[in-house]
Amino acid sequence: MTSPMFEKIALVGIGLIGSSLARVIRREGLARHVAIATRSPTTLARAKELGLGESYNTDAKEAVRDADLIIVSVPVGSSGEVAQEIAPALKKGAILTDVGSTKASVIAQMQPYVPDGVHFIPGHPLAGTEKSGPDAGFAELFENRWCIFTPLPDTDPAALEKLSEFWRRCGSNIDTMDPQHHDMTLAIVSHLPHIIAYNIVGTADDLQSVTKSEVIKYSASGFRDFTRLAASDPTMWRDVCLHNKDAILEMLARFSEDLASLQRAIRWGDGEKLFDLFTRTRAVRRSIIEAGQDIDVPDFGRQAVEHPKGS
Ligand SMILES: NC(=O)C1=CN([C@@H]2O[C@H](COP(=O)(O)OP(=O)(O)OC[C@H]3O[C@@H](n4cnc5c(N)ncnc54)[C@H](O)[C@@H]3O)[C@@H](O)[C@H]2O)C=CC1
Ligand SMILES: O=C(O)C(=O)Cc1ccc(O)cc1
C-alpha cells in the first residue's frame, strides 16, 4: 500500500458527509489515524459501532490535537462555535477545511478563530442526499462530483494542492471560485430547488386536510421527486436559508417574477409562450445529460433511517 496522505485526519461532525468521508478515507488508505468528534454521545456511539475511525470523542478539541487535516462537517450555523472550540488545539501547519453548503457565512464565522500558521481552506463537495446521520454515508458519495474551494487571498498554494489531491482521491473534480460567486450560484442550483420542494410539499400537505389521503394516494412521480428533496434534514436547511439569506432572497425574487409571468401566460392562454419556455428548459436538461452530469442520487445507504432531530 502507498503511504497515507495524512498521519491523522480529524472529522468534526459525523453525519452523512463526515461518515462518507470516513468511509472513503478508510477505503483509499488516506490516513493512518481517523479521529472522530461529534457533539452528541448517541451519534458518537453509533459512529463507533460502525467502526468509522480509530478514536472517538465528544470533545472536538481532543480529536483535532496533532491532526494534519481537520474537516468540519456540521450544519453551517454551528461552524463558528466549532472553530472557537478547536482553535486552541490546532497544530501549526495543519489544514483546516469544511464542507458547508454556504461559504461567505462560514468564512465570516470561522476565520476569526483560525490561529496563525494553520491553513484554512473553505470547501464544499457538491454531493449529497436527503438522508442524514452516520448510517446514511457511503464511500462512493463523492465520485465524479465537484468539490468547490473558495480559498482566501493568502491561501498557501501548496496546502490548496494537498487538499485538492485529497478530494481527487475521494473521487471528486476540483474547482475554485470566490465565496460570493459560490453562494449566488448555489442559491439557484441547490438552495432554491430545496426551498421550492419544501414549499410545494407543504402546500400539498395543507391541502391534504381537505382532500384526505389523495395527495399520497395519487402522488405522481413529479410530486414524489419533490418529496425526496423536501425530506432533507431540517436543521441543515434551516441553517442554509439563514446563512445564505441575501443570495437566496435575490434568486427568489427573480423566481417569483418569472412565476408570475408563467401564471399570466396560463391565464391568457398564451400557448406560444408556454411552448417556448418548455422547449428552452428541455434543452437545459439535455445539456446536463450530454455533459455527463445527470447523476441520480444513488441508492447506497437508502435503507438508512431518518436521523433523530438534534443528534
Ligand atoms: N446533506 C447533504 O446533502 C450535504 C451537506 N453539506 C453540508 O455538510 C454539512 C454537514 O451536513 P450533513 O453531514 O448532511 O449533516 P448531518 O445532520 O448528517 O450531520 C451533521 C453532524 O454534525 C454534528 N454536529 C452538529 N452540531 C455540532 C457541533 N456544534 N459540534 C460538533 N458536531 C456537531 C451532528 O451530531 C452530526 O454528526 C452541512 O454544513 C451541510 O450544509 C454539503 C454537501 C451536501
Ligand atoms: O439530495 C440532493 O439532491 C442534493 O442536492 C444534495 C446536496 C445538498 C446540499 C449541498 O450543498 C449539496 C448537495
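Residues numbered from 1 in each chain as written. Chains lettered and ligands numbered in written order. Predicted model: local features only at pLDDT ≥ 70, side-chain atom pairs only at ≥ 80, totals over all residues. Heavy atoms only, no water.

With an unreviewed UniProt entry as reference, the protein chain is termed prephenate dehydrogenase, source organism Mesorhizobium neociceri. Regarding the protein chain, the relevant UniProt record gives this comment under Catalytic activity (unreviewed entry): "prephenate + NAD(+) = 3-(4-hydroxyphenyl)pyruvate + CO2 + NADH". (UniProt positions renumbered as here; feature names shortened; annotations may be inferred.)

## Quick look at the site of ligand 1
Neighbouring residues of ligand 1: 27 residues in total, closest Leu 16, Ile 17, Val 74, Ser 101 and Gly 133. Within the backbone of Ile 17, one N or O atom sits 2.9 Å away from an oxygen atom of ligand 1. Summarising the interface, the protein chains cover 94% of the accessible area of ligand 1, which totals 820 Å² for the free molecule. Listing elements by their share of the shell around ligand 1, those giving two or more residues are helix H1 (16-28), helix H4 (79-86) and strand S7 (123-125). (Near = heavy atom within 4 Å. Polar contact = N/O pair within 3.5 Å; in protein donor to acceptor, adjacent residues only side chain to side chain. Areas by Shrake-Rupley, 256 points an atom, 1.4 Å probe, with all protein chains shown as cover. Helix = DSSP H or I, 4+ residues; strand = E, 2+ residues; numbered from the N terminus.)

## Things to note about the domain arrangement of the protein chain
Looking at the protein chain, the domain boundaries give domain 1 (6-177) and domain 2 (181-290). Taking the mean C-alpha position of each, domain 1 and domain 2 sit 30 Å from one another. With 18 residues of domain 1 at the contact, the number on the domain 2 side is 15 residues. Interface area, domain 1 with domain 2, both sides summed: about 1300 Å², of which 65% is carbon and sulfur. When the buried area of domain 1 at its contact with domain 2 is split by residue, Ser 101, Glu 130 and Met 177 rank highest and sum to 39% of it. On inspection of domain 1 and its partner domain 2, the count reaches 1 salt bridge. Residue Glu 130 pairs with Arg 228 through a salt bridge whose shortest N-O separation is 2.8 Å. The element best represented in the side of domain 1 that touches domain 2 is helix H5 (residues 104-110), accounting for 3 residues. The class makeup of the residues in the side of domain 1 that touches domain 2 is 6 nonpolar, 10 polar and 2 charged. (Domains from an automatic or database assignment. Contact = heavy atoms within 4.5 Å. Buried area = accessible area lost by both parts, 1.4 Å probe. Salt bridge = Lys/Arg side-chain N within 4 Å of Asp/Glu carboxyl O. Nonpolar A, V, L, I, M, F, W, Y, C, P; charged D, E, K, R; others polar.)

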